[in-house]
Each structure stands twice: as structure tokens, then as C-alpha cells.
Amino acid sequence: MSTYKFHQFIVLDRGPCNTAIIDLLKGDVFQATNQEIEKFEEKKYDEIPSFIDSLLEAGLVIEVDDNTWIPHLILKKKREDEKKSQLSIILEIEEGGNWEKIESLFSNLEIKEISYFGENYPGDVFPGVPVQKQKKDFSKCISRSSRVGKFSRIDENFYQYSREYNNCWGRKIALTQDGKIRPCIYSEIELGAVDTALNSREIIDIAWKYWLITRDMVDKCKVCEFRYICPDCREIAFRSGGTLHSPNPYCRYDPYSGTYFD
Ligand code: SF4
């Protein structure tokens, strides 16, 4: 007997009334009602013919023998102590800081990349670490994190990362011109100051709770079917809602009804 099965790189995330069908191979995202998914799982295909057609057309399912085993992606969260010892971090640095102090603080860590907000990056600091020059523009965070019904290509790394870390603040440390250490370059939150006696491990211990604010901890988002594919901005949410777990005020999606509002 034949049946339909989702291919190996599909993940399904349920919300209260809709399910996101996320194709981590092609990076596409589809939405189905929970009812359609339940009928699909119960193999009541004759009750959802147009849904089956749309799944076939999008290449999300294959028709196979009932006994065919299709492996699933392994998406387990890593143990926290294991993660902490294997960290590579992203540094955001604003022009005008104390380079000597910054270098001595962070040179014992593995730095994955540096986002430099300024013109004159001293090339001899953190040799070999890729540097991206950026302009400070907080409005980009608003457009990036505003849910408008479309997601840019989602890959497995982004999806997995969003399950483990906040997909903006995760593993990031920002150093602003005024000598403060913050969760990101735009943040008003202070984690410490560059010229205090903190060492890099102590800074990571302080930043850790900010890095781990996944959407599972954010009001409204924690039930949303888009929670692991939606770009987050905790700074916008914090300024508007007053807590680190407030929802983004620019989100126009209501996962409880599965509808968008103005
Ligand atoms: S409720 Fe949260 S996860 Fe869902 S679309 Fe809005 S911001 Fe994204």
C-alpha cells in the first residue's frame, strides 16, 4: 500500500491553529491548518485532495510504500556546559573604544567575526578574524524583525541556531564607544564596562542569559508556528514591552487565530 511522506529535510512546527511546513533543503516555508496536517497524518487523503496536490506540487511529500523509512533531521539541543566550552563569539565594536583593553579582554576567546561600526579599523588587532564594516542603522532591525508574511530563505543552520540561541543576540558581545559592554550595538542594556576587572569568561557568564532567550521564552512567539524561523530583535521588544520576554510590537501575526492584523 502506498502513502505520502514528507521528505527528510521537512520540519513541522505547530501553532495553536496552523502548522508551518519548513523545507530546510530549499529554504521555503508553507502554512497549513492543523486540521489538514492531522488528516494527513491519519492518512485521510481523500478528505484533503487539494492539500495533497499542493504538497506534491511544492515537492514536499513523496508517494512511497507504507513501510518506507524516511530518516528525520536530528534537531536536539546541545547540553549547555558542552556549548559553553566550545564557544566562538561575534564581537560588535563601535569606533572610538579602547583597543588595548578590548584586545586584552577578548584575545583568549575564539572570535568568529567582528562587525565594526566605523571607518578606521586597526588591522593589527585580532589578526585573521573576518571583519565586516557596518553603518549604525537601528531601523534595519525594525524591518528585519517585522513579520510581514514572508521569510527569507531558511536554512538548517539558522533553524537550529534559533532553537538554541536568540537568533540576533546569540553569542554576540557588543562594545560601544562609551566603553560599555552590551548584548548588541543598539542595546541600552549594560552587561558591564570594558575597563572593569571582569575577564572574558565572566562577561560570557553575564551575557549567557541574553544569548539563550529563544522564541520559546517570548510571550506570544512561544506558541507561534514561526518561532524558529522568525528573525528576532529583543532590543525593540524590550524597549516597547519593558521585559526581555515581551513580543515584538511590529509583529502583525496572531498565532492564536492564525490571522494578520493591521
Ligand atoms: S508571533 Fe513571534 S514568532 Fe510569530 S510571527 Fe510574530 S514575531 Fe514571529
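Residues numbered from 1 in each chain as written. Predicted model: local features only at pLDDT ≥ 70, side-chain atom pairs only at ≥ 80, totals over all residues. Heavy atoms only, no water.

Student: Got a minute to help me understand the sheet that holds strand β9 (residues 172-175) in this structure?
Tutor: Whenever strands of a sheet pair, they do so through backbone hydrogen bonds, lying parallel or antiparallel. Taken in spatial order, the six strands of this open sheet run β8-β7-β6-β9-β10-β11, and their pairing is mixed. Only two strands of the sheet have a single neighbouring strand rather than two, namely β8 (131-134) and β11 (192-193). This element, helix α4 (residues 99-106), spans β6 (88-94), β7 (110-117) and β9 of the sheet and lies at about 170 degrees to β6. (Pairing = 2+ DSSP bridges. Helix = DSSP H or I, 4+ residues; strand = E, 2+ residues; numbered from the N terminus. Contact = heavy atoms within 4.5 Å. Axes fitted to C-alpha atoms, helices over the stretch in contact; angles between N-to-C directions.)

Student: What's the story with unusual backbone geometry in this structure? I'm lost.
Tutor: Note on backbone geometry: most residues besides glycine have negative phi, and most peptide bonds are trans. In this structure, Phe126 takes a positive phi of about 50 degrees despite not being glycine. Within the secondary structure, Phe126 sits in the loop between β7 and β8. What makes Phe126 buried here is its relative accessible area of 7%. Despite not being glycine, Arg171 shows a phi value in the positive range, around 55 degrees. Structurally, the position occupied by Arg171 is in the loop between α6 (156-164) and β9. (Buried < 20%, exposed > 50% of the residue type's maximum accessible area, 1.4 Å probe, protein only.)

Student: Would you explain the domain arrangement of the protein chain in this entry?
Tutor: How big an interface is tends to be expressed through the accessible area that disappears when the partners come together. Structurally, the protein chain comprises domain 1 (2-65) and domain 2 (80-260). In this structure, domain 1 and domain 2 have C-alpha centres spaced 33 Å apart. At the junction of the two partners, domain 1 supplies 18 residues and domain 2 supplies 18 residues. When residues of domain 1 are sorted by the area they lose upon contact with domain 2, Asp13, Pro16 and Leu24 head the list and together hold 35% of the total. Here domain 1 and domain 2 share zero salt bridges between them. At the boundary of domain 1 and domain 2, one finds eight residue pairs in polar contact (both at pLDDT 80 or more). At five residues, the largest contribution of residues to the side of domain 1 that touches domain 2 is made by strand β3 (residues 18-23). Partitioned by chemical class, the residues of the side of domain 1 that touches domain 2 number nine nonpolar, five polar and four charged. (Domains from an automatic or database assignment. Buried area = accessible area lost by both parts, 1.4 Å probe. Salt bridge = Lys/Arg side-chain N within 4 Å of Asp/Glu carboxyl O. Polar contact = N/O pair within 3.5 Å; in protein donor to acceptor, adjacent residues only side chain to side chain. Nonpolar A, V, L, I, M, F, W, Y, C, P; charged D, E, K, R; others polar.)

Student: When you look at the pattern of salt bridges in this model, what are you seeing that I'm missing?
Tutor: Any two side chains of opposite charge can pair, so long as their charged atoms come close to each other. The final tally for this structure, using the stated rule, is 15 salt bridges. As a salt-bridge pair, Glu38 and Arg14 come within 3.8 Å of each other at their nearest N and O atoms. Here Glu38 is found in helix α1 (residues 34-41), whereas its partner Arg14 is found in strand β2 (residues 10-14), with 24 residues between them in sequence. Here Lys172 makes a salt bridge to Glu92, at a shortest N to O gap of 3.2 Å. Residue Lys172 is found in strand β9, and its partner Glu92 is found in strand β6; the two are separated by 80 residues along the sequence. Across the pair, exposure class does not vary: Lys172 and Glu92 are buried alike.

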